[in-house]
Amino acid sequence: MKTTSTGMKIPWGKVVVPCIAVCVAQDFGDGGGATGAAPPPEADTCDGIFLAYNFEGREKEYPRLKNASAQPYSFKASATVLNAGSYELKSWQIFIGFQHDEILVSADGAMVMDGDGLPLRVGNNGTHLVGYPQTDLKTAIETAGDQSQIMAKVEMKGTQFGVKKGDPMPKTIKLVNDGYKCPAPKRYQKSLHVCCTRDPKFKPKQTKTKFMPRQNGDLSFTYDVLQAYEGNYLAQVTIDNNNPLGRLDHWNLTWEWMRNEFIYSMRGAYTHKKDPSECIYGAAGQYYKDFDFSQVMNCQKKPVIADLPAEKANDDKVGKLPYCCRNGSILPTTMNETKARSIFQLQVYKLPPDLNRTALNPPQNWKIDGLLNPNYKCGPPIRVDPTEFPDPSGLQATSSAIASWQVTCNITKPKPKQSRCCVSFSAYYAESVIPCNTCACGCEEETKQCNPNAKPMLLPPEALLVPFANRTAKAKAWADLKHLPNPKPLPCPDNCGVSINWHVDSDYKTGWTARITLFNWDEFAFEDWFTAIQIKKAYPGYQNVYSFNGTKLPGLNNTIFMQGLPGLNFLVGETNGTDPKRDPRVPGKQQSVISFLKKDTPNINVAAGDGFPTKVIFNGEECALPTQLPKRSGAHRSSRVGFLPAILLAVLTFVLMNERFQ
C-alpha cells in the first residue's frame with residue numbers, strides 16, 4: 001500500500017503481466033471535440049468519409065523581403081472530416097499534402113503524427129493528422145444526425161513562403177485509415193474536397209471486441225489504467241518489442257500530457273527531471289493549494305522517462321515489478337524473448353474538469369529512442385479492450401484493467417546522412433578500401449574545412465584501424481601513390497560511432513569466404529550486441545560463421561543474424577593507444593570469418609557484387625552502405641594478400657595488449 005500526501009492509500013503493482021484477451025468493457029467517452037458547424041454542401045452526394053480543406057486567407061509577415069521566394073506569410077485554414085457513410089470511423093487519420101514550404105504552428109482538433117510537435121515544417125512531405133480529442137466519428141444513423149458526433153473540424157494556423165499570386169493550396173487531402181479508397185481531390189476556388197469510400201476488396205478482421213482491435217507493429221505500448229479514484233489513477237505502461245531485429249538500449253520515452261496531468265510517483269522507471277515549480281506556479285498549484293509538491297515525481301508537460309538500473313530491481317519502493325529495471329535494454333525476440341518487454345507504473349493526478357474517476361485520457365505524442373538504435377515512428381493512442389491479467393491470488397481467474405490504450409510504433413529507414421552506423425567494403429583482389437560514405441551519420445551545417453558532398457577518398461587497408469582524424473596523411477599519401485584524386489577541401493568524415501567492414505577474403509571453385517569486422521569508435525561499450533546482414537544471392541550458400549553465433553532467418557528477407565558468443569558479447573569502447581601522446585586511439589573490435597558454399601548458388605559472381613551485403617543492421621539500426629564496390633586491381637588478380645595481414649596483425653596486437661594489461 002502507498003499513502004499519498006492527501007491520505008489516500010493506493011496499492012502498487014496490482015497485476016503486472018498483461019495478456020491480450022477479448023472482454024467487455026465500459027465506455028468512458030473520448031473527451032469531447034464536438035462541433036456544431038454545418039457540413040459542406042458537396043457532402044450531400046458522398047456515401048463514405050467526406051474530407052474538405054478550406055484556405056481562409058493569409059497576410060504578409062515580418063521580415064518584409066525583396067526576395068519574393070523567401071517572403072513569409074501567415075495563413076489560416078481548416079480541414080473537415082465528415083462521416084457520411086453507414087459505418088463508424090474509429091481513430092480517424094488524414095494526410096494533407098502541403099507543398100509551399102509551410103510551417104504548421106497550431107492544429108486545434110487534431111494531433112500531428114510527424115515530427116516532435118508544433119511548430120513543424122510540413123511543406124516538403126505534407127503531414128498526417130489524427131483526431132484529438134474526438135478520435136471516432138459515429139454515423140448519422142446511430143446519432144440521428146448529431147453533427148457533433150459525426151463530424152470533426154481542424155482549425156490550422158501556420159506560415160508559408162514564396163507564393164506571389166493565387167491561393168496556395170495543398171497537393172492533396174486523403175483518408176489514411178485502412179479499408180478506404182480516395183480518388184484525386186477536386187478543387188473549387190479556395191476549397192479542396194474528396195469523398196473516400198470503402199474498398200470492396202478490403203476484408204477487415206472479424207472481431208468481437210467493443211473497441212478497436214490491437215494493431216501489429218515493430219514496437220507497441222500498452223497504457224493500462226489499473227485503479228481509478230476521484231482526482232488520480234494508477235497506470236501501467238508495457239513496452240513490447242515485436243520486431244526480430246528491433247532493439248533499444250538506454251531507452252528514453254517521452255509523451256505529452258494534454259489536460260494538465262502530473263506524475264506523482266513511479267515504480268520501475270524514473271523521470272530525468274524532478275522539479276515541482278511547474279506544478280506550484282501552474283494550474284496544479286492553483287487547484288491543489290495545500291498539496292506538498294516536493295514529493296511529486298514530475299510536473300512537465302513533456303516528461304522524459306527512463307528505465308531503472310538493474311540494482312533497483314528488488315527495491316521495495318521503486319522496484320519489484322516483472323520486466324523492469326534493465327537499464328533501458330529491450331532486446332529482440334531472436335536473442336531473448338524474456339528481455340523483449342519492459343514495464344513500469346505511475347500514479348497520475350488530474351485537474352478539473354476531469355476529476356470524475358471515469359474521465360481518463362492517455363498522454364499523446366509518444367516518442368522513444370535509444371543509444372544507437374532504430375528510429376521509431378509512433379501513432380496515436382488507440383482505445384482497445386481492457387487488458388486481462390492473471391489474478392494475483394494464484395487462482396485460475398483473470399482480472400481486467402479499467403481501461404486500456406495501445407500505441408503502435410514502426411521502424412523507419414534512416415534518411416541520407418542520418419544513419420548511426422556505416423559500412424566499408426574491401427576485397428582480396430582490390431588494393432583500396434571503399435570507406436564509409438561522407439557524412440554517413442551527419443555533418444555540421446556549416447563545414448568550411450571539409451566538403452560534406454564529396455565522395456570519400458579510397459584508403460589503404462591499415463587506415464581503417466585508426467580514427468578518421470588520423471587518416472588524413474594516409475589518405476593523401478595513398479592517393480599520390482595510386483594516382484587517385486586528392487580533392488581540396490578533403491571530404492568530411494563519416495561521423496559514425498560504429499562502423500563495419502565487409503571484406504571478401506577468398507573465392508575458389510566450391511565456395512568463398514568473407515570477413516566481418518565491427519569497430520566501436522564511441523567510449524561506451526555495447527553489451528549483448530548483434531549484427532545482421534541481407535545478402536540475397538549468396539544466402540542459400542551460407543555455411544558457418546566461426547567467431548560469432550550465427551543463425552539463418554529465412555522469414556526475414558534471407559537474413560543472417562550474428563551475435564557474440566558467451567563471454568564475447570561486449571563490444572568494448574574506444575581506448576587510448578599505448579602512448580596517448582603519440583599513438584592514435586584504438587577502437588573496440590570484434591571479427592569473424594563467414595564461409596559460403598557454391599553448390600546451392602551455381603551462378604554466383606562474388607566480385608561483381610553478389611558477395612557483398614545489400615543491407616547491414618547493427619543493434620536494430622540500418623547502417624549506411626557504400627555507393628560503389630571494390631575494383632579488381634592488376635597486382636591482385638590472383639593474390640589474396642594485402643588487406644588480410646593488416647587486419648590480422650591489428651587484431652592480434654589488440655588481443656596481446658589486453659592480455660598484458662590483465
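Residues numbered from 1 in each chain as written. Predicted model: local features only at pLDDT ≥ 70, side-chain atom pairs only at ≥ 80, totals over all residues. Heavy atoms only, no water.

Draft legend 1. The arrangement of the overall build of the protein chain in detail. Secondary structure summary: the protein chain contains 7 helices and 39 strands in total. With 662 residues in all, the protein chain has 51% of them scored as buried. The long-range share in the protein chain, meaning contacts at least 24 apart out of those at least 6 apart in sequence, stands at 71%. (Helix = DSSP H or I, 4+ residues; strand = E, 2+ residues; numbered from the N terminus. Buried < 20%, exposed > 50% of the residue type's maximum accessible area, 1.4 Å probe, protein only. Contact = heavy atoms within 4.5 Å.)

Draft legend 2. Spotlight on the confidence of the model for the protein chain. Per-residue pLDDT for the protein chain averages 88, and the proportion of residues at 70 or more is 89%. Ignoring residues within four places in sequence, the model shows residues 4–11, a span with pLDDT below 50, making 28 contacts including any to other chains. Of the regions scoring below 50 in pLDDT, residues 635–644 engages in 23 contacts with residues more than four places distant in sequence or in other chains. (pLDDT = per-residue confidence, 0-100.)

Draft legend 3. Quick look at the sheet that holds strand S19 (residues 269–271). The antiparallel open sheet is built from 4 strands, whose spatial order is S19-S20-S17-S22. Of all the strands in the sheet, just S19 and strand S22 (364–369) have a single pairing partner and so form its edges. Averaged over all neighbouring strand pairs, the angle between strand axes comes to 25 degrees, with direction disregarded. Of the pairings in the sheet, the one linking S19 to strand S20 (residues 304–307) comprises 3 bridges and is antiparallel in character. When the bridges of S20 are listed, Tyr 270 appears paired with Ala 306. (Pairing = 2+ DSSP bridges. Axes fitted to C-alpha atoms, helices over the stretch in contact; angles between N-to-C directions.)

Draft legend 4. Focus on the pairing of strand S14 (residues 191–198). By the bridge criterion, 6 bridges tie strand S3 (residues 49–60) to S14 in an arrangement that is antiparallel. Bridging across to S14, Asn 54 finds its partner in Ser 191. Summarising the sheet, strand S12 (residues 180–181) and S14 pair through 2 bridges and their orientation is antiparallel. From the neighbouring strand, Tyr 180 faces S14, where its bridge partner is Arg 198. Examined bridge by bridge, strand S13 (residues 186–188) and S14 share 3 bridges and lie antiparallel to one another. Bridging from a neighbouring strand, Lys 186 pairs with His 193 of S14. Adjacent in sequence and paired antiparallel, S13 and S14 are bridged by 2 residues, among which Gln 189 carries a positive phi angle near 55 degrees.

Draft legend 5. Just the pattern of salt bridges, in detail. Per the counting criterion, the structure on display carries 17 salt bridges. One salt bridge connects Arg 341 with Asp 240, and the closest N-O pair in it is separated by 2.6 Å. Of the two residues, Arg 341 is situated in strand S21 (residues 341–349) and Asp 240 in strand S16 (residues 232–241); the sequence distance between them amounts to 101 residues. Just as Arg 341 is buried, Asp 240 falls in that class too. Asp 507 is the partner of Lys 598 in a salt bridge, and the nearest nitrogen-oxygen pair spans 2.6 Å. Of the two residues, Lys 598 is situated in the loop between strand S37 (588–597) and helix H6 (606–610) and Asp 507 in strand S29 (residues 498–507); the sequence distance between them amounts to 91 residues. Note on Lys 598: relative accessible area 17%, which makes it buried. (Salt bridge = Lys/Arg side-chain N within 4 Å of Asp/Glu carboxyl O.)

Draft legend 6. Representation of the pairing of strand S17 (residues 252–256) within the structure. As judged from the 3 bridges shared by S17 and S20, these two strands associate in the antiparallel manner. Its bridge partner being in S20, Asn 252 is matched across the sheet by Ala 306. Pairing of S17 with S22, which is carried by 4 bridges, proceeds in the antiparallel orientation. Within S22, the residue paired with Leu 253 across the bridge is Ile 368.

Draft legend 7. Structural context of the nonpolar core. Within the largest apolar cluster, 37 residues are counted, with the highest numbers of intra-cluster contacts made by Trp 502, Trp 512 and Phe 618. Among the secondary structure elements, those contributing two or more residues to this core are strand S28 (421–427), S29, strand S30 (511–520), strand S33 (542–545), strand S35 (559–564), S37 and strand S38 (615–618). Setting aside its immediate chain neighbours within four residues, Phe 618 contacts Leu 372, Cys 421, Val 498, Ile 500, Leu 518, Phe 526, Trp 529, Phe 530, Thr 531, Leu 571 and Cys 623. Trp 255, Trp 366, Ile 368 and Trp 405 belong to the second-largest nonpolar core, a separate cluster that totals 32 residues. (Core = buried A, V, L, I, M, F, W, Y, C linked by side-chain atoms within 4.5 Å.)

Draft legend 8. Fine view of the sheet that holds strand S5 (residues 93–96). As summarised here, the arrangement of the 4 strands in space is S7-S9-S5-S11, forming an open sheet in which the pairing is antiparallel. The open sheet has two edge strands, strand S7 (110–112) and strand S11 (173–175), and neither has a second partner. Taken pair by pair, the neighbouring strands of this sheet meet at an average axis angle of 30 degrees, ignoring direction. Bridging between S5 and S11 involves 3 bridges; their strand directions are antiparallel. Counterpart to Ile 96 in the pairing with S11 is Ile 173.

Draft legend 9. Quick peek at helix H5 (residues 472–481). Looking only at H5, the buried set comprises Ala 475, Trp 478 and Ala 479. In a view along the axis of H5, the buried residues occupy a sector of 100 degrees, so they form one face of it. Along H5, the residues that are exposed and aim more than 90 degrees away from the buried face are Ala 473, Asp 480 and Leu 481. Two residues or fewer past H5, His 483 is found with a positive phi of approximately 55 degrees. (Arc of directions from axis to C-beta.)

Draft legend 10. Region of interest: the packing of aromatic side chains. Here the structure, examined in full by the defined rule, presents 29 aromatic pairs. Ring centres of Phe 524 and Phe 526 lie 5.4 Å apart, and the angle between their planes is 75 degrees; this geometry places the pair in the edge-to-face category. Of the residues examined, Phe 524 reaches a relative accessible area of 32% and is grouped as partly exposed. Aromatic rings pair up to connect Phe 262, Tyr 264, Tyr 287, Tyr 288, Phe 291, Phe 293 and Tyr 349 into one cluster. The residue whose ring lies beneath Arg 198 is Tyr 87, and the NZ or CZ to ring-centre distance is 3.8 Å. (Phe/Tyr/Trp six-rings, centres within 6.5 Å; stacked < 30°, edge-to-face > 60°. Lys NZ or Arg CZ within 6 Å of the ring centre and 35° of its normal.)

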